[in-house]
Every structure is written in C-alpha cells, then in structure tokens.
Amino acid sequence: MERKWWHGKVAYQIYPKSFKDSNGDGIGDIPGIIEKLDYLQELGIGVLWISPVYLSPCADQGYDIADYYQIDPMFGTMADMDRLLEEAKKRDIAVLMDLVVNHCSDEHVWFQKALADPDGEYGQYFYIEEGKNGNPPTNWRSYFGGSVWEPIPGTDKYYLHLFHKKQPDLNWRNPKLREEIYKMVNWWLDKGLAGFRLDAIINIRKPLVFEDYPADREDGLCDMGQVLEHASGIGEYLGELRDQTFRPHDALTIGEVFNVTDEELKEFIGENGYFSSMFDFRQTLEGKSLLGWYDCRIPTPEDYKWCCFKSQKNSEGVGYLANIIENHDEPRGVSHYLLKEAQHEDGKKLLAAMYFMLKGLPFIYQGQELGMENGAFQSVDELEDVSSLDEYRRCLEVGCDEAQALKVVCHYSRDNARTPYQWSDEEQAGFTTGTPWLKLNPNYRRINAKEQMARRDSVYAWYRALIRLRNNPEYAETIVYGETVPVLTAEKDIMAYLRSGENQRLLVIGNFDGESRKVNLSGIRNEDERTTVPGAVKLLLNSQKAVTEEYDQKAQGREKECPVDQGILTLAPYQALILEV
Ligand code: GLC
Ligand code: CA
C-alpha cells in the first residue's frame, strides 16, 4: 500500500452546533472551535472533520446547504473560517469540511430558479418529473419517511428528495451541475482545505428508469436501499469528481458509504480508488432493521468483535478504512456497544482500546474522548432531529405505546450524539453562557473535560495515552501498517488481536465479561507458527492503571508489572491491555 501522510494521524469530528459557543446565543460556532484548537492539539489530533457550517436554513442541521460559498452567520463568517484554517495549520491539524452534494437546500438559488421555471435551465439541476395518474412518479420512501416526491404547487410535477423535502436531490446526470460542483470543490481546496468527508455520496446515482419497486411496508413504499441496487455505474461520477478536484490537490477524502459490497471496496479505496478512505459502518449496521428503529437489535460484544474482524480482513491489502464507534448520526458508542452493566469508565476504556488499535484511521467524535453518553431526553418534544420524529411516529404506527416509542427513539436518536459538549461542571457545562439549542445531558456535572483532564485514570487520559502510543515512533509502524490477526477468537466476550509488523507484534486484548478471565497466551501463534514466548511479554498499556504521565516517559521496563504467569494472562472485568509479544 502506498504510504500517505495521513495514515498515522488521529482524526476528530466536530459537530459545530454543539462544540463550543463563543457568543452566548446557545449555538456552537467557528470562533468556539478556534478557541479549542489547543485542546485538540494537546489531545494529539492531526485531522479535523467539521460537519457543515455553510449557509443553511437548518432543516437537517446544516446538511441542507443554501450557498456553498458562504458560512452561515449562526457559525460565524468566512473570515472566521479562514482564521480557523490558519490556526489549525499552525498546530499541524489538517481540516476537512463536509461535502454535501447529493442534495442542496430548497432555499438554494438553483432550486428557487427551478421552481420558478421547472422546464428551464435550472429545472435540469434537479429531478423534476410528472406524476402518474395523480400519484407521485414512483413509490420510493425517503430516508426520513414518506414519499421522496414533493409536489410543485401549481403544476402536475414533483421534485425528488431522498432526505427531507427541504433537501432536493441534485441531478448529477447534468454535466453543467457537475461542473458547478467541481468548481466549488476546487475553490475550497484552493483555500487550503485538506479535503472532505463525502456526505451520503452513494446516492448521487439513481436508477436510469424511475419505476416502482416491491413495497416493503404497509405504506406501499419501498426502501431507498432497494432502489439504489438498480443504480449501477456510480464510478463514472465518482471517478470524474476525483480527477477534476481531489487528485490535482492530493486531497484527503473520506466517504460516507453504506451500500458497498466487500468486493467493491477496492474500487472505492484501493489504489486509484475514488476516495482516500471510507468509514467502516459494519458494526453500525449490525442489528439494524428495514422496518424501523423499533425492530432493531442492539449488538452484543461478540457481534461487535466479529464486525471489526470481518472489516479488517476484508480491507487488508486493499485500502485503509476509517474506524469509528459513533458519529453525529449514531447513538453514543458507549451506550450502544457496551452492555448496560459495562457502561462505566472501565467499559468505556475497553471499547476505546478495541476500536482504536485496529488498522485504519481512527476518528474520535467530539465528547467520545470523555465517554459522553446518550442524551437523557424525557419527552419527544425535546428532540430536534427530523429522523427521530419520523421514527417515533413509526413506532406508534406499529402499535407501540408512547412510553415504548420514547424508549426506542431515545436509544437510536441522532440527537444522542448532538447534545452540547461537556467542557466543565459549571453552568451549561461551560458550553455556552446562554441557553443551549439542544438539551444538555445533566450528567455533565460528573462527565466533563475539566474533571477528566485533571485525573490520570480518566477516559480522557486513556484516549490520550492511546494516541501517544500511536504517535510513538517505536510502535507507530506496527500500529499504522501491521496486519490485524484475530486471536483467541473462541473465547466468548474476549476480543483479542495481534497487530503484526515486520519485527514487532502487539497484542490488543480486552475482556467484555463482568467476571475476571484467564486466557492462555501460548495458544497464540504467528503465521509462521512461531509460538509466543510468554517470558518476553511486555506491557505497554493497561486500561485499569493511571497511565498518562508514566507513558509519556516511554513505555519500558514494565515487564514485571505484566499480569502473565506461565503463559496465562489474567484479565480483570472490563480490562484492556496492550502488550508487546
Ligand atoms: C448524512 C449525514 C446526515 C444527514 C444526511 C443527509 O448521512 O451524516 O446527518 O442527515 O447525510 O445529508
Ligand atoms: Ca454562537
């Protein structure tokens, strides 16, 4: 695999509305991000992805863009953005913005012109179709519920929106539209942006013929996943996008791609792929149901482990994945992948180690490094997210009572990860001096950055230690490029893998069991059948010890502390260890 500057970095996602408010209006903003760059640098972050800050009426929290060349006043000004790029650069932090080009906002001037004259030039920027016998053109269901077709008043025509009706889909079949997009992407890259996260990008290709597919619910509609299976040839657009924009700038691009088969991975992130990397969503999809959130199943630690192993195997020698446990669309990782009884600091550190040490580019979503948890919503009125409101309706429709519906939505809601960042235990968690736009999690008195930064055995300290280890030249090569070899796989609720480099092997092992466990390390063999020599085991990190300062002084001479006796390793409940073996 060709080596890239970003392979060894650690990435961080900021959801600007909820990160840091600088002016007391209750909404996080760009000056707020600038204020916290030192915090990110200190943590060890090298790549920053910022969710949309473009001009937007915010029907879908900025993922509905009214002008790609303007910053929304709610977030600041273009001068603020320029300053952010400059200040990040000083700290050796590369900035990625969100590229949302499957759709724009219905308030974008293109769409306004299209509405005024659906048959004119700008009508071609969108998908505008005539209805069929008084019905919408097809029976496709929007990701946010209801038909993807919205009638255009005063006509017999409809426009297509796969997401919210305020997010009309852009017509990528139109070369003029594509040119506009490339021009805009290049404009941002010329400004000094390092690259983009590509939003919902797989949706830009639609089936050639707009027709009905078999309904999968009583509403007579069918899921977009099914529709997209009939849309082949996305490579044509993605290849062109890459060649016209990303490649000449050597941009870093991370795709939000859900519907790619294992076989297609190479096309997307292999050598000469469309993107630099893409998120591994395998564990995110585990347990999901086409019927809606009410029918989803929460993954077990075993499910989690096998998802990771499958993706690691599949991407080995092909490309470099981006690894996550959460983002702004998912429940908090610690509230989703950990069993209830494991949702404490030990459990959180365990999960952190397991995903962070996988091969790939680790992304930390804001607050994850504190072990921030799902929101504490008491009523559906406290939720802002469009899809949560739709899923709530859906729960009631299939017969749940209100309490059940609330419980389901409170687990899966996208607002769980969108609650304001918990900086301190002061009023409003130090996030704002005003009233936060979304309800704070009241647990900020207990879980906050200020407290955790001062404590050497906190979740924050653990993340920092993991990042230090990744950045340590003594181990970086193995952590960044070593192969992932699952071991001890038959041990239920133990997740263990080797990172196998040229002259070095690291063992990452964690215990998701509430009981302590003994495992036999001499059962671990390398490809060449060399057995592990238990005597030569060296402890690098232990999640149940205060590690930060010690680790900064270099991981060495700690063989004696290693809990291995005659090849038998004893793991305390929820303990994670990283060993050199
Ligand atoms: C992506 C974003 C999500 C947004 C959707 C539509 O999935 O992550 O937040 O709602 O695209 O833009
Ligand atoms: Ca603000």
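This text goes with the structure placed above it.
We now turn to the structure provided with this report. (Residues numbered from 1 in each chain as written. Chains lettered and ligands numbered in written order. Predicted model: local features only at pLDDT ≥ 70, side-chain atom pairs only at ≥ 80, totals over all residues. Heavy atoms only, no water.)

### Observations regarding the environment of M81
In plain terms, the rule: In this description a helix means any DSSP run of H or I spanning at least four residues, a strand means any run of E spanning at least two, and both kinds are numbered starting from the N terminus. Contact between two residues is taken to exist if any of their heavy atoms lie within 4.5 Å; hydrogens are not considered.
Among the structural elements, M81 can be located in helix α3 (residues 78-90). Sequence separation of M81 and Q70 is eleven residues, and the distance between their C-alpha atoms is 10.0 Å. For M81, the residues in contact, after removing those within four places along its chain, are I30, V53, I71, M97 and W188.

### Description of the layout of surface pockets
The condition that has to hold: In this analysis a 1.4 Å probe is tested at points of a 1 Å grid over the protein atoms alone, and where it fits but cannot get out there is a cavity; an open set with protein on both sides within 12 Å along at least five of seven lines is a pocket; lining residues have an atom within 4 Å of a point. Grid points are joined across faces, edges and corners, and a volume is the space filled by probe spheres set on the points. Basically, the charged four are Asp, Glu, Lys and Arg, the nonpolar ten are Ala, Val, Leu, Ile, Met, Phe, Trp, Tyr, Cys and Pro, and anything else, Gly included, counts as polar.
Volume-wise, the second largest pocket comes out at about 550 Å³. Contributing to the lining of the second largest pocket are 26 residues, with K4, G270, N272, F275 and S276 lying nearest its centre. At the level of elements, α7 (234-249), β10 (252-255) and α8 (265-269) are the ones that each hand at least two residues to the lining of the second largest pocket. Grouping the constituent residues of the lining of the second largest pocket by class yields eleven nonpolar, eight polar and seven charged.

### Structural notes on the state of the cysteines
To keep things clear, this is the line we draw: To count as a disulfide, a pair of cysteine sulfur atoms needs to be within 2.5 Å. Burial classification: accessible surface area is computed with a 1.4 Å probe over protein chains only, and a residue below 20% of its type maximum counts as buried, one above 50% as exposed, and the rest as partly exposed.
A complete count under the given rule lists zero disulfides for this structure. C58 provides the cysteine sulfur closest to C104, a residue in no disulfide bond, and the two sulfurs are 15 Å apart. Not engaged in a disulfide, the cysteine C410 finds its nearest cysteine sulfur in C395; these two sulfurs lie 10 Å apart. For C410, a relative accessible area of 15% puts it in the buried group.

### So, the pairing of strand β21 (residues 576-580)
What counts here: Note on pairing: two strands pair once DSSP finds at least 2 bridges between them.
Among the five residues that make up β21, five are buried, leaving the element largely enclosed by the rest of the structure. Two strands pair when backbone bridges link them, and strand β18 (residues 538-542) and β21 are joined in this way by four bridges, in the antiparallel orientation. When the sheet's bridge partners are listed, L541 is paired in β21 with I578.

### Considerations on the environment of A405
The topology assignment puts A405 in helix α14 (residues 402-412). Classification of A405 by relative accessible area gives buried; the value is 0%.

### Quick word on the pattern of salt bridges
Selection rule: Note on definitions: salt bridges are taken to be side-chain nitrogens of Lys or Arg within 4 Å of carboxyl oxygens of Asp or Glu.
Within this structure, the stated rule accounts for 50 salt bridges. Members of the salt-bridge network, linked through shared partners, are D60, D329, D385, R414 and R418.

### Points about the side chain of K206
The criterion, for reference: Think of a polar contact as two N or O atoms within 3.5 Å of one another; within protein, one of them needs to be a possible hydrogen donor and the other a possible acceptor, and neighboring residues in sequence only count if both atoms come from side chains.
Locating K206 in the fold gives a position in the loop between β9 (195-198) and α6 (224-228). Given a relative accessible area of 3%, K206 falls into the buried group. From its side chain, K206 meets the backbone oxygen of N203 in a polar contact 2.5 Å long. In this view, K206 contacts N102, Y127, L160, L162, D169, R173 and A231; residues no more than four positions away in its chain are not counted.

### A closer look at the sheet that holds strand β6 (residues 128-130)
Stated formally: Simply put, an axis is a line fit to the C-alpha atoms, just over the touching stretch for a helix, and the angle between two N-to-C directions goes from 0 to 180 degrees.
Reading across the sheet, the three strands line up as β6-β8-β7 and stay open at both edges, with antiparallel pairing between neighbours. Among the strands making up the open sheet, the edge pair consists of β6 and β7 (149-151). Sheet twist, expressed as the mean angle between neighbouring strand axes with direction ignored, is 40°. Inspection of the sheet shows β7 paired to strand β8 (residues 157-160) by three bridges, in the antiparallel sense. Counted as the bridge partner of P151 is Y158 from β8.

### Some words on unusual backbone geometry
Positive phi outside glycine occurs at C58, with the angle close to 65°. Tracing the backbone through its elements, the reader meets C58 in the loop between β3 (54-55) and β4 (67-71). The buried category is assigned to C58, whose relative accessible area is 18%. For Y574, which is not a glycine, the phi torsion comes out positive at approximately 60°.

### A word on the site of ligand 1
Our working definition: Residues are classed as near a molecule or strand on a simple rule: at least one heavy atom within 4 Å of it.
Around ligand 1 there are 14 residues in total, and D60, D199, E256, H328 and D329 lie nearest to it. Side-chain polar atom of H103 to an oxygen atom of ligand 1: 2.9 Å apart, as the coordinates give it.

### Let's talk about the packing of helix α13 (residues 386-397) against α14
This is how the line gets drawn: The hand of a helix crossing depends on one turn: near helix anticlockwise from the far one by less than a right angle means left-handed, and clockwise means right-handed.
Close contact between α13 and α14 brings their axes to 9 Å; oriented N to C, the two are set at 145°. In terms of crossing hand, the pair formed by α13 and α14 is right-handed. From α13, S388, E391, Y392, C395 and L396 reach across to α14, where they touch E402, A405, L406, V408 and V409. Taken together, the residues of the contact of α13 with α14 sort by class into seven nonpolar, one polar and two charged.

### Re the nonpolar core
Let me state the cut-off plainly: Among buried residues, the Ala, Val, Leu, Ile, Met, Phe, Trp, Tyr and Cys ones that are joined through side-chain atoms within 4.5 Å form a nonpolar core.
Counting residues in hydrophobic clusters, the biggest one holds 173 residues, and the most contacted among them are Y12, L40, W172, F196, F268 and M354. The dominant element in this core, judged by the number of residues it contributes, is helix α16 (residues 459-471), at eight residues. Once residues within four sequence positions are removed from consideration, W172 is found in contact with V101, Y127, L177, R178, I181, Y182, I204, Y237 and L241. Residues V485, I524, V537 and L539 belong to the second largest nonpolar core, which totals 20 residues.

### Notes on the sheet that holds β21
If you trace the five strands from one edge of the open sheet to the other, you get β14-β15-β16-β21-β18, paired in antiparallel fashion. Because the sheet does not close on itself, it has two edges, and the strands there are β14 (483-486) and β18. Put simply, the sheet's adjacent strands are angled 25° from each other on average, direction ignored. Running at roughly 20° to strand β15 (residues 494-500), helix α10 (residues 301-315) makes contact with β14 and β15 of the sheet. Lying on the sheet, helix α17 (residues 473-481) is in contact with β14, β15, β16 (505-511), β18 and β21; it crosses β15 at an angle near 110°.

### Points about the side chain of K359
Locating K359 in the fold gives a position in the loop between α12 (345-356) and β13 (361-365). According to the relative accessible area criterion, K359 is buried, its value standing at 11%. A distance of 3.3 Å separates the side chain of K359 from the side chain of E316, its partner in a polar contact.

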